[in-house]
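Working through the structure, step by step
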Amino acid sequence: MKKYSDNDIYLLFDSRKARLLRVIYIFTAIYPEAKALIAILHLKKEPFNGKYQQYANDKKHIKLIIMGTGSIAAAISVSHICTKYNISNQDRIVHIGTCGIFSTNHYQNNVYICNKIIQAETSKTFYPDILYRHDFLESAILTLPVLYTKDKEKFDNYPNIADCMTGTKNILIDMEAAGFYQAAIQYVGTERIIILKVVSDNGEPQKVTPESIHAIFMEQEKALIQFLDILVRQQEIEALQLSKFPSFAQMDWIDKVCSDMHCSETMRNKLKHLFHYMDITGIDYHKKIEEMYLDKRLPCKDKREGKKCYEQLEMELL
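What you are looking at is a predicted structure, and each value in this text was computed from that prediction instead of being measured. (Residues numbered from 1 in each chain as written. Predicted model: local features only at pLDDT ≥ 70, side-chain atom pairs only at ≥ 80, totals over all residues. Heavy atoms only, no water.)

**Topic: the overall build of the protein chain**
Note the cut-off: Only runs of H or I of at least four residues qualify as helices and only runs of E of at least two qualify as strands under DSSP, and these elements are numbered from the N terminus. Under the scheme applied here, a residue whose accessible area is under 20% of the maximum for its type counts as buried, over 50% as exposed, and between as partly exposed, the area being computed with a 1.4 Å probe on protein chains only. The method behind every accessible area is Shrake-Rupley, applied with a 1.4 Å probe, and residues are considered shielded solely by the protein chains displayed.
Within the protein chain one finds twelve helices and ten strands. Among the 318 residues that make up the protein chain, the fraction classed as buried is 49%. Total accessible area computed for the protein chain in this model is approximately 15,900 Å², and 52% of it derives from carbon and sulfur atoms.

**Digging into the pairing of strand 3 (residues 54–57)**
Rules: Two strands qualify as a pair provided that DSSP identifies no fewer than 2 bridges between them.
The two faces of strand 3 match: Gln54 and Ala56 on one face and Tyr55 and Asn57 on the other face are all buried. Note that strand 2 (residues 44–45) and strand 3 share two bridges and pair antiparallel. Looking at the pairing, lysine 44 lines up with alanine 56 of strand 3. Taking the residues between adjacent antiparallel strands as the criterion, strand 3 and strand 4 (residues 62–66) are bridged by four residues, where histidine 61 takes a positive phi near 55°.

**Structural notes on the packing of helix 11 (residues 286–294) against helix 12 (residues 303–317)**
Our working rule: Axis definition: a line fitted to C-alpha atoms, limited for helices to the stretch in contact. Angles are taken between N-to-C directions and run from 0 to 180 degrees. Orientation categories follow fixed angle ranges, with anything under 35 degrees roughly parallel, anything over 145 roughly antiparallel, 65 to 115 roughly perpendicular, and all other angles oblique. Left-handed describes a crossing whose near helix is turned anticlockwise from the far helix through less than a right angle; right-handed describes the clockwise counterpart. Two residues form a contact once any of their heavy atoms are found within 4.5 Å. All amino acids are sorted into three groups, where Ala, Val, Leu, Ile, Met, Phe, Trp, Tyr, Cys and Pro are nonpolar, Asp, Glu, Lys and Arg are charged, and the leftover types, Gly among them, are polar.
In the contact formed by helix 11 and helix 12, the axes pass within 11 Å of each other and the chain directions differ by 140°. Overall, the two elements helix 11 and helix 12 adopt an arrangement that is oblique. The two elements helix 11 and helix 12 cross, and the hand of that crossing is right-handed. For the pair helix 11 and helix 12, the contacting residues are Lys288, Ile289 and Met292 in the first and Cys309, Leu313, Glu316 and Leu317 in the second. Counted by class, the contact of helix 11 with helix 12 contains five nonpolar, no polar and two charged residues.

**Quick look at the pattern of salt bridges**
Note the cut-off: When a carboxyl oxygen of Asp or Glu is within 4 Å of a side-chain nitrogen of Lys or Arg, the pair counts as a salt bridge.
Summed over all chains, the structure comprises twelve salt bridges. Here aspartate 174 ties to lysine 197 by a salt bridge, and the two come within 3.0 Å at their closest N and O atoms. Residue aspartate 174 is found in strand 9 (residues 170–174), and its partner lysine 197 is found in strand 10 (residues 193–201); the two are separated by 23 residues along the sequence. The class of aspartate 174 is buried, set by a relative accessible area of 4%. Taking the relative accessible area as the measure of exposure, lysine 197 reaches 0% and is therefore buried. Here glutamate 176 makes a salt bridge to lysine 197, at a shortest N to O gap of 3.9 Å. With a gap of 21 residues between them, glutamate 176 in the loop between strand 9 and helix 5 (177–184) and lysine 197 in strand 10 connect regions that are remote in the sequence.

**Here we look at the packing of aromatic side chains**
Note the threshold: Any two of the Phe, Tyr and Trp rings considered here, Trp counted by its six-membered ring, make a pair once their centres fall within 6.5 Å; the pair's planes then place it as stacked at under 30 degrees, edge-to-face at over 60, or tilted in between. The rule is short: NZ of Lys or CZ of Arg within 6 Å of the ring centre and within 35 degrees of the ring normal puts a charge over the ring.
All told, the structure shown has five aromatic pairs when counted by the stated rule. With a centroid separation of 5.9 Å and an interplanar angle of 65°, the aromatic rings of phenylalanine 27 and phenylalanine 180 are classed as edge-to-face. Here phenylalanine 180 lies in helix 5 and phenylalanine 27 lies in strand 1 (residues 24–28), a separation of 153 residues in the sequence. Given the relative accessible area of 0%, phenylalanine 27 is considered buried. Lysine 84 extends its terminal NZ or CZ atom over the ring of tyrosine 85, reaching a point 5.5 Å from the ring centre.

**Looking at the side chain of glutamine 53**
Basically, it comes down to this: The definition of a polar contact used here is a pair of N or O atoms within 3.5 Å, where within protein one atom must be able to donate a hydrogen and the other to accept one, and adjacent residues in sequence count solely through side-chain atom pairs.
Within the fold, glutamine 53 resides in the loop between strand 2 and strand 3. Looking at glutamine 53, the relative accessible area reads 15%, which means it is buried. Side-chain polar atoms of glutamine 53 contact the backbone oxygen of glutamate 46, separated by 3.0 Å. Apart from the residues lying within four places of it in its own chain, the contact partners of glutamine 53 are Lys45, Glu46, Phe48, Leu64, Ile65 and Ile66.

Listed below in structure tokens is the structure:
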């Protein structure tokens, strides 16, 4: 296998093997949001593949995708891109977009990082792990299936949301976050999913225009670049760390363990995430895997036995 210089920060593998190239996938709902990021991040338009328009900065390993509006469109887009590019826990999935804000105070066009996601239709809540240094405000975000307006009757259809709004001074409101997050979590860990929202209005979407969206993003150019540069640098550091562990880089070996455990896609991602954590922290898990083969605990007979084997392995390693 050919090794590249540190400046390349990656090893090349074929499509069936893991990449040490770590990519930041940025998803926006609409082009006006993407337009500002294209300028800020110096992205170049890629050939249209018939589904989603994409832009990229190969030097920084950033790819931007316009996914469409609404939770369903967001979930389909994330699933399609993650499958197409074989996205794994080595990558980061980021949603950057505009949102409304329910606020009892005067609002500003600030950038928020979302620490809680509430789905209006189901009342389900999700909690991304925010493990990054940042200067943004943090807030919960409520995902509605319709544009947020100040009309009270819009909330009457979701009586279970009343508790969220009672006593709340500020809460962000959008149409994509819940669908985006639920799709992304199938491919990467919670700490590798980031949702950044720029406030565009306080329930008056009719006042939001492509020009105003572009202007709001450009106002936040410095903060966005600073944060994304931190992510890029973190990607580079992790890639260099991971390059020291060729056993992990040989994903055909990990794929064999997953196959012998009869892993589902979700369990496969969890197992890869576990091995990655072991490598970064310097914990030797190879010996434990070898013991499981010697003890005939691997390969497993079926999915039920594989699940028990995974749970035992996780308990013994952590």
